Amino acid sequence: MLSIKNAKAAYGKIQVLHGLSLDVGRGSVGLFGPNGAGKTTLINTILGLVPLQSGKIVFDFKDVTTRPTHERVRLGISVVPQERELFPWLSVYENLVIGAENTPLGRDDIPQTLEEVYAIFPILRERHGQLAGTLSGGQQRMLAVGRALMARPKLLILDEPSLGLQPSIVHELFNILKEMKERVGVLITEQNVRESLRVVDKGYIIENGRIVLSGNADELASNPEVEKAYLGL
Ligand code: ATP
C-alpha cells in the first residue's frame, strides 16, 4: 500500500533521512527509534510536508513523491500527529465531523462513518457534546484517532500515540489499534516498543535516519539487540 524507497531528506544543511526504505502492506507496521532518529520527519515526507531530496514514495500504486499534501490525504492517508491538534473549544462531535473534510466522502456518508467511529470508541458517543479541551488525555487521544478515521483512510499513521498517557490507557488504546488493523493499514511510530510489538505485524528500527533492523514482530521481540536497547531487559 505504501512503499518508500531510498528516501533522503534534510532541513537545510542538516541531513535527517539518509536513504531510507520502508513498506507497509496489509496489517500494521511499527517504526521504532530514539528521540531525533527521524520518525516524525519520515511521516512528514509521507504527507509531503517535507520534500524528498531523492527517492520515491508510492501510495496505493500511485507515485506521490511530488504530489501536494492535500492530494495525498484525499488518496487515503490520515495522520494522528504527536501534538493532538484538536479544537479544544469545539465539541467531540464537531471535532469528528471536521475529520471528514477534504476527503472524497460526501455529506451523506458522515452519519454512517460517525456511527463506525462511535462503535470503536463508545466513550466518544457518551461525550459527543463535551468540549474536546475538557476531555482527559486518553480521551483526547481517542478523539484524535477517531477524527483521523472519519476520513475513512486506507492508511492510518500514528505518531507516538502512547506519549504522555498512563500505562492502562496505553494498553486500552493499543487493544483498539490491534482490532483496527483488520480494516485499515496502520503505521505507528513509538518509543513504547513493548506495547507496540503486541499490536504490529512487523517493525523497523530507525537510528540516525537509517533503518538498522527490520523484521516481523516475533523476530524483533526476541532479538537480543532490541531487548537490550528497547525492551529494557
Ligand atoms: P521525536 O520522537 O523526538 O519526535 P523523531 O524520531 O520523530 O524524534 P524527528 O522529529 O524526525 O525525530 O527529528 C529528526 C532530526 O531532525 C532531529 O535531529 C531534529 O532536531 C531535526 N529536526 C526536526 N524538525 C526540524 C526542523 N523543522 N528544522 C530543523 N531540524 C529539525
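What you see as residue numbers is a count from 1 along each chain, following the sequence as written. The predicted nature of this model means local features are confined to residues of pLDDT at least 70 and side-chain atom pairs, given and counted, to a pLDDT of 80 or more, with totals for whole chains, interfaces and linings taken over all residues. Calculated side-chain values reflect all of the structure's heavy atoms, with hydrogen atoms and water omitted.

The protein is annotated in an unreviewed UniProt entry as Branched-chain amino acid transport ATP-binding protein LivF from Salinispira pacifica. A UniProt comment under Sequence similarities (unreviewed entry) is attached to the protein, and it reads "Belongs to the ABC transporter superfamily." UniProt positions are given in the numbering used here, feature names are shortened, and annotations may be inferred rather than shown by experiment.

Draft legend 1. Representation of the layout of surface pockets in the model. Counted as a void, the largest pocket has a volume near 500 Å³. As for the largest pocket, its lining consists of 20 residues, and the residues nearest its centre are Val 73, Ser 78, Val 79, Pro 81 and Arg 147. Looking at the lining of the largest pocket, the elements with two or more residues in it are α2 (69-75), β6 (77-80) and α6 (137-149). Split by residue class, the lining of the largest pocket holds 11 nonpolar, 5 polar and 4 charged. Cavity and pocket criteria rest on a 1 Å grid covering protein atoms alone: a 1.4 Å probe that fits but cannot get out defines a cavity, protein on both sides within 12 Å along at least 5 of 7 lines defines an open pocket, and an atom within 4 Å of a point defines a lining residue. In terms of lining residues, the second largest pocket is bounded by Thr 113, Glu 116, Val 117, Ile 120, Leu 149, Arg 152, Pro 153, Met 180, Arg 183 and Val 184. Starting at the N terminus, helices and strands are each numbered in turn, a helix being any DSSP run of H or I of at least four residues and a strand any DSSP run of E of at least two. Examining the composition of the lining of the second largest pocket, we find that 4 residues originate from one element, helix α4 (residues 110-120), more than from any other. For this classification, Asp, Glu, Lys and Arg are treated as charged, while Ala, Val, Leu, Ile, Met, Phe, Trp, Tyr, Cys and Pro are nonpolar and the rest, including Gly, are polar. A class-by-class count of the residues in the lining of the second largest pocket yields 6 nonpolar, 1 polar and 3 charged. Grid points are joined across faces, edges and corners, and a volume is the space filled by probe spheres set on the points.

Draft legend 2. Region of the structure containing the site of the ligand. Summary of the distance rule: residues count as near a molecule or strand when at least one heavy atom falls within 4 Å of that molecule or strand. Neighbouring residues of the ligand: 13 residues in total, closest Gly 36, Lys 39, Thr 40, Thr 41 and Glu 160. Under this definition, polar contacts are N or O atom pairs within 3.5 Å; protein pairs additionally need one hydrogen-donor-capable and one acceptor-capable atom, and for neighbouring residues in sequence, both atoms have to be side-chain atoms. Taking Ala 37, its main chain carries an N or O atom lying 3.1 Å from an oxygen atom of the ligand. At 2.7 Å, a backbone N or O of Thr 40 approaches an oxygen atom of the ligand. Expressed as a share of its isolated accessible area of 630 Å², the protein-covered part of the ligand is 60%. Broken down by element, the residue count for the shell around the ligand peaks at 3 residues, all from helix α1 (residues 39-47). In terms of residue class, the shell around the ligand is made up of 4 nonpolar, 7 polar and 2 charged. To be clear on the numbers: accessible area is Shrake-Rupley with a 1.4 Å probe, and residue cover counts the displayed protein chains and nothing else.

Draft legend 3. Region of interest: α4. Of all the positions in α4, only Ile 110, Thr 113, Leu 114, Val 117, Tyr 118 and Ile 120 are classed as buried. Taken down its axis, α4 places every buried residue within 155 degrees of arc, on the same side. Residues of α4 that are exposed and point more than 90 degrees away from the buried face comprise Pro 111, Gln 112 and Ala 119. Should any heavy atoms of two residues lie within 4.5 Å, those residues are considered in contact. Looking at the buried positions of α4, the neighbouring elements they touch are α3 (92-98), α5 (122-126), α6 and α7 (167-180). Throughout, exposure labels follow a simple rule: accessible area from a 1.4 Å probe, protein chains only, divided by the maximum for the residue type, with under 20% read as buried, over 50% as exposed, and the rest as partly exposed. When we speak of the arc, we mean the arc of directions from the helix axis to the C-beta atoms.

Draft legend 4. Expanded view of the nonpolar core. Throughout this description, the term nonpolar core refers to a set of buried Ala, Val, Leu, Ile, Met, Phe, Trp, Tyr and Cys residues connected via side-chain atoms within 4.5 Å. Counting 45 residues, the largest nonpolar core has Leu 96, Phe 121, Val 145, Leu 156 and Met 180 as the members making the most contacts within it. Dropping the residues within four chain positions of it, Val 145 is found in contact with Val 80, Phe 121, Leu 156, Leu 158, Leu 173 and Met 180. Counting 28 residues, the second largest nonpolar core, distinct from the first, contains Ala 37, Leu 52, Phe 59 and Leu 155.

Draft legend 5. Up close: α6. Multiply 1.5 Å by the residue count of a helix minus one, and that product is the helix's expected span. An ideal rise of 1.5 Å per residue puts 18 Å on 13 residues; α6 measures up with 19 Å between its terminal C-alpha atoms. A large share of α6 lies buried, amounting to 12 of its 13 residues. Every buried residue of α6 is listed here: Gly 138, Gln 139, Gln 140, Arg 141, Met 142, Leu 143, Ala 144, Val 145, Gly 146, Arg 147, Ala 148 and Leu 149. Turning to α6, the residues buried within the fold contact β6, α3, α4, α5, β7 (155-159) and α7.

Draft legend 6. Just the environment of Ala 144, in detail. One can find Ala 144 in helix α6. Taking the C-alpha atoms as reference points, Ala 144 and Phe 87, 57 residues apart in sequence, are found 10 Å from one another.

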